[in-house]
Structure formats: C-alpha cells, structure tokens
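What follows is each chain in one-letter form.
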Amino acid sequence: MTKGPTTPWYRDWFGGEYLALYPHRDRAEARHAVELLRQTTGRGPGTRVLDLGCGAGRHLVELEGIGYRATGLDLSLPMLEAAAKSSVTGGLVRADMRLLPFIDGSFDVVTSYFTSFGYFDREREDLQVLREVRRVLVPGGTFLLDFMNAHQVVANLRREDRRTVSGVEVVQERRLVAGGRIVEKRIRVGAREGRAEREFVERVRLYRPGELVSILARAGLAAGPRFGGYEGAPFSHSSPRCIVLAEARS
C-alpha cells in the first residue's frame, strides 16, 4: 500500500501551539535587527519593504516604526491573525514564499528575518524562493537574509533540552540528518487541559555562508556585507548569526 503525502512540517508547527509556547519573542532584538537594515542601507521613510515569513509581526512593527511601508507575508493563518492584533498597520498577505503574489519590482527591500529560509525538502525550492525575491525587487533593491551560522549550529548542537512553559513540559531534541545537511528538531509538548501530548518537527537546511552567497548569485542577487549579529559586527565562524545583504542585479 502506497503512503499518501505527508503534511509539510511548517504547516503544523507554526500555529497556535507555537504561539502558546513562544508568546513573547524579543521585541528589542527585532528593533536591533531593523536598525541594522536602516543603518547599512541608508534607506529612509517611505521605503517599500516585504517581510517574508513575518510571523506574529514583531519585525513589521519595527519597520513601520522607522517609517517604512511594510508588507508582511506568511503561510500560517494563526501567525497572521496574531500580527493583525499587534500594532501592525500595513498589509498582511497569506501566501507561499515560493510563489509571491506581487508584480515585478514591487519592493525596494525584502527581508527574511530569524531563519525563515531553508524550510523546503529540495534545494531547488529554496532557490525558487530567492528567484521570487529577485523578481519582486526593483533593480538595485536590497535583500536582507538573516540566517543561522551553520558552523556554530554543528559545533554546538545541543542534543536535548527541557523546560516548563505555563505548567507544560516541553522537550526539544536535535540531530543532524541528510548527511549533516539538515538540522532537525523534534518538539514534544506535554499533555495539558485535557489535550494529549503532541509532537512537532522543525527541519532547516544548513547552508554554510559560502553556500548562501552561491545560491543568492544563482537567483540574481549579489551578496555584499555579511554580519555576525544584529549589532553589526563582521561575520566570523564564531558568530551567532550569518546576516547577508544582497543587491538585486539589473
């Protein structure tokens, strides 16, 4: 008997359970991340920005706070509903980032904050995301890709951690799969309020910094400065993040 297709992990995980477990992502961190964009690009109020994988909208709030015309896009309806309840005033769009519902050259800047990239089963799908980013950017527009530092993920992989959130035990187990190309996290959420224990999976492709530069180039995006964190320090192998600024080629 042939097994039917399974639901992609990101459709299950980024929902109500995620919001319950992570109700207060760091707004100060989002402010620093947006300020890095403003300082490094010099773009002023009125800049048209698309935030891919906008989640509950914490970066959108900060983008709007400096006068940018921000649009948020996410596949998760619960995330978009949470964003709508925040102080976000711009547009919120539900769509798949592999097929953006915007005309060519709609934005001056596209952002992908907090590792909202590398979610798909095949690398060509990630490349399709970047090609869509290039399509909706004006020539010379900026793409900010905020990704984890794969070197540090591999070197410091924490196999398991346990914590209690609102009286519920949450266990996270991590491992490298696909020959070390993907980091997989399994999240077990204990029973609560009559609900049985649930398990979720998160899988992200581990693009090394050089690989990010290469796949960006294949999509028509020329990588420029790289930073190791939101404070703007240059990237190194020991940096917590790999933040790449890329320019849309003409």
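The following paragraphs examine the structure supplied in this document. All values derive from a computational prediction rather than experimental measurement.

**Details of the pairing of strand β2 (residues 69–74)**
Then, number 1: Buried residues dominate β2, accounting for five of its six residues.
Then, number 2: As paired elements, strand β1 (residues 48–52) and β2 share five bridges and run parallel to each other. Across the sheet, L50 pairs through a bridge with T71, a residue of β2.
Then, number 3: Crossover connection from β1 via helix α4 (residues 58–65) to parallel β2: handedness right-handed.
Then, number 4: Here β2 runs beside strand β3 (residues 92–94); their pairing, made up of three bridges, is parallel.

**Some points on the sheet that holds strand β10 (residues 221–227)**
Then, number 1: The seven strands lie next to each other as β3-β2-β1-β4-β5-β11-β10, forming an open sheet whose pairing is mixed. The sheet terminates laterally at β3 and β10, the two strands that pair on one side only. With strand direction ignored, the average angle separating the axes of adjacent strands in the sheet is 20 degrees.
Then, number 2: Both β10 and strand β11 (residues 241–248) contribute to a ladder of five bridges, which runs antiparallel. Paired with F227 across the strands is I243, a residue of β11.
Then, number 3: Against the sheet, α4 makes contact with β1, β2 and β3, and its axis sits at roughly 170 degrees relative to β2, the strand it touches most.
Then, number 4: Helix α8 (residues 209–218) rests against β5 (137–148), β10 and β11 of the sheet, and its axis sits at about 155 degrees to β10.

**Digging into the side chain of N149**
Then, number 1: Here N149 shows up in the loop between β5 and α7 (150–155).
Then, number 2: Since its relative accessible area comes to 0%, N149 is described here as buried.

**Things to note about helix α3 (residues 27–41)**
Then, number 1: With 15 residues, α3 extends 21 Å between its outermost C-alpha atoms, agreeing within 8% with the 21 Å of an ideal straight helix rising 1.5 Å per residue.
Then, number 2: For α3, every residue scored as buried is listed here: A30, A33, V34, L36 and L37. Taken around the axis of α3, the buried residues stretch over an arc of 145 degrees, which confines them to a single face. In this structure, α3 carries H32 and Q39 as exposed residues pointing more than 90 degrees from its buried face.
Then, number 3: On its buried face, α3 is in contact with α4, β4 (107–112), β5, β10 and β11.
Then, number 4: Between the side-chain oxygen of the N-cap and the backbone nitrogen of A28 there are 2.9 Å, and the N-cap of α3 in question is D26.
Then, number 5: Downstream of α3 by a residue or two, G42 has a phi angle that is positive, lying close to 70 degrees.

**Focus on the pattern of salt bridges**
Side chains bearing opposite charge may pair, as long as their charged atoms lie close to each other.
Then, number 1: Applying the stated criterion to the full structure yields 23 salt bridges.
Then, number 2: Two residues, D108 and R48, come together in a salt bridge whose shortest N-O distance is 3.1 Å. One end of the pair, D108, is in strand β4; the other, R48, is in strand β1, with 60 residues separating them in the sequence.
Then, number 3: Exposure remark for D108: the relative accessible area of 16% places this residue in the buried category.
Then, number 4: Residue class for R48 comes out partly exposed when judged on its relative accessible area of 23%.
Then, number 5: Between R188 and E173 there is a salt bridge, with the nearest N and O atoms lying 2.9 Å from each other. Of this pair, R188 sits in strand β8 (residues 182–189) while E173 sits in strand β7 (residues 168–177), and the two are 15 residues apart along the sequence.
Then, number 6: What makes E173 partly exposed here is its relative accessible area of 30%.
Then, number 7: Taken together, the salt bridges that share partners define one network made up of R175, E184, R186, E199 and R203.

**Topic: unusual backbone geometry**
Then, number 1: Positioned with a positive phi, F114 is a non-glycine residue whose angle comes to about 60 degrees.
Then, number 2: Among the structural elements, F114 can be located in the loop between β4 and α6 (123–136).
Then, number 3: The phi angle at A178 is positive, at roughly 55 degrees, despite the residue not being glycine.
Then, number 4: In this fold, A178 is placed in the loop between β7 and β8.
Then, number 5: The class for A178 is partly exposed, based on a relative accessible area of 47%.

About the criteria used
- Residues numbered from 1 in each chain as written.
- Predicted model: local features only at pLDDT ≥ 70, side-chain atom pairs only at ≥ 80, totals over all residues.
- Heavy atoms only, no water.
- Buried < 20%, exposed > 50% of the residue type's maximum accessible area, 1.4 Å probe, protein only.
- Helix = DSSP H or I, 4+ residues; strand = E, 2+ residues; numbered from the N terminus.
- Pairing = 2+ DSSP bridges.
- Right-handed = clockwise from strand over helix to strand, strands pointing away.
- Axes fitted to C-alpha atoms, helices over the stretch in contact; angles between N-to-C directions.
- Contact = heavy atoms within 4.5 Å.
- Expected span 1.5 Å × (residues − 1).
- Arc of directions from axis to C-beta.
- Polar contact = N/O pair within 3.5 Å; in protein donor to acceptor, adjacent residues only side chain to side chain.
- Salt bridge = Lys/Arg side-chain N within 4 Å of Asp/Glu carboxyl O.

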